[in-house]
Amino acid sequence: MSKLYRFGVSLDKNLINKFDKHIQLGNYKNRSEAIRDLIREELVRKQWTTGGDVAGAITMVYDHHKRELVNVLIDTQHEFGKLIISTQHIHLDHHNCLEIIAVKGKSQDVQKLASKLKAQKGVKHTSLSMSTTGKMLQ
Ligand code: NI
């Protein structure tokens, strides 16, 4: 771990009251922990919007009875093969499949893959959860 650095922050009373409430609801032990999280969140968000490296998961639910859909989804995943770390397939019921695709790469490429999967007919829902590779927060 790198050296700890202390600094003072001046805040308006209303703002610190709201922040303390946020800390309480978030189960933080102290203000420092909450501020560290805010800084990390902002840095990670910046990485997403400036085309940095991200890691995350695409979750999608689709009807595997739809003609050609499974082939299209597999073709798309091969096309973006360099981004995909692993895929987990769960047969939810007779019709529905859940797929969780772990991804790592440039944020715009990951978003492009998620959009392409989402746009296919028969895909009922897709969500992209973007996180960080963790490297820039070391
Ligand atoms: Ni299935």
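It should be emphasised that the depicted structure is a prediction, and the values quoted were computed from it without experimental measurement.

## A few points about the nonpolar core
Part 1: Counting 18 residues, the largest nonpolar core has Ile58, Tyr62, Leu73, Ile101, Val103, Leu113 and Leu117 as its most contacted members.
Part 2: For this core, the elements supplying multiple residues, two or more each, are strand S1 (53-63), helix H3 (69-79), strand S3 (96-106), helix H4 (107-118) and strand S4 (123-132).
Part 3: Aside from chain neighbours lying at most four places away, what touches Leu113 is Ile58, Thr76, Phe80, Leu83, Ile84 and Val103.

## What to know about the coordination of the nickel ion
When a metal carries six donors in an octahedron, the ideal angles between them are 90 or 180 degrees, while four donors in a tetrahedron ideally lie at 109.5 degrees.
Part 1: Around the nickel ion, the donor atoms from the protein are His89 (NE2), His91 (ND1) and Cys97 (SG), and they sit 2.0 to 2.4 Å away.
Part 2: Given the relative accessible area of 34%, His89 is considered partly exposed.

## Describing the packing of H3 against H4
Part 1: Between H3 and H4, whose axes approach to 10 Å, the crossing angle comes to 170 degrees. The pairing of H3 with H4 is recorded here as roughly antiparallel in orientation. Residues Leu73, Thr76 and Glu79 of H3 touch H4, and the partners they reach there are Leu113, Lys116 and Leu117.
Part 2: Taken together, the residues that form the contact of H3 with H4 break down as three nonpolar, one polar and two charged.

Rules of the game
Residues numbered from 1 in each chain as written. Predicted model: local features only at pLDDT ≥ 70, side-chain atom pairs only at ≥ 80, totals over all residues. Heavy atoms only, no water. Core = buried A, V, L, I, M, F, W, Y, C linked by side-chain atoms within 4.5 Å. Buried < 20%, exposed > 50% of the residue type's maximum accessible area, 1.4 Å probe, protein only. Helix = DSSP H or I, 4+ residues; strand = E, 2+ residues; numbered from the N terminus. Contact = heavy atoms within 4.5 Å. Donors = N, O, S within 2.8 Å, 3.2 Å for Na, K, Ca; no water. Axes fitted to C-alpha atoms, helices over the stretch in contact; angles between N-to-C directions. Parallel < 35°, antiparallel > 145°, perpendicular 65-115°, else oblique. Nonpolar A, V, L, I, M, F, W, Y, C, P; charged D, E, K, R; others polar.

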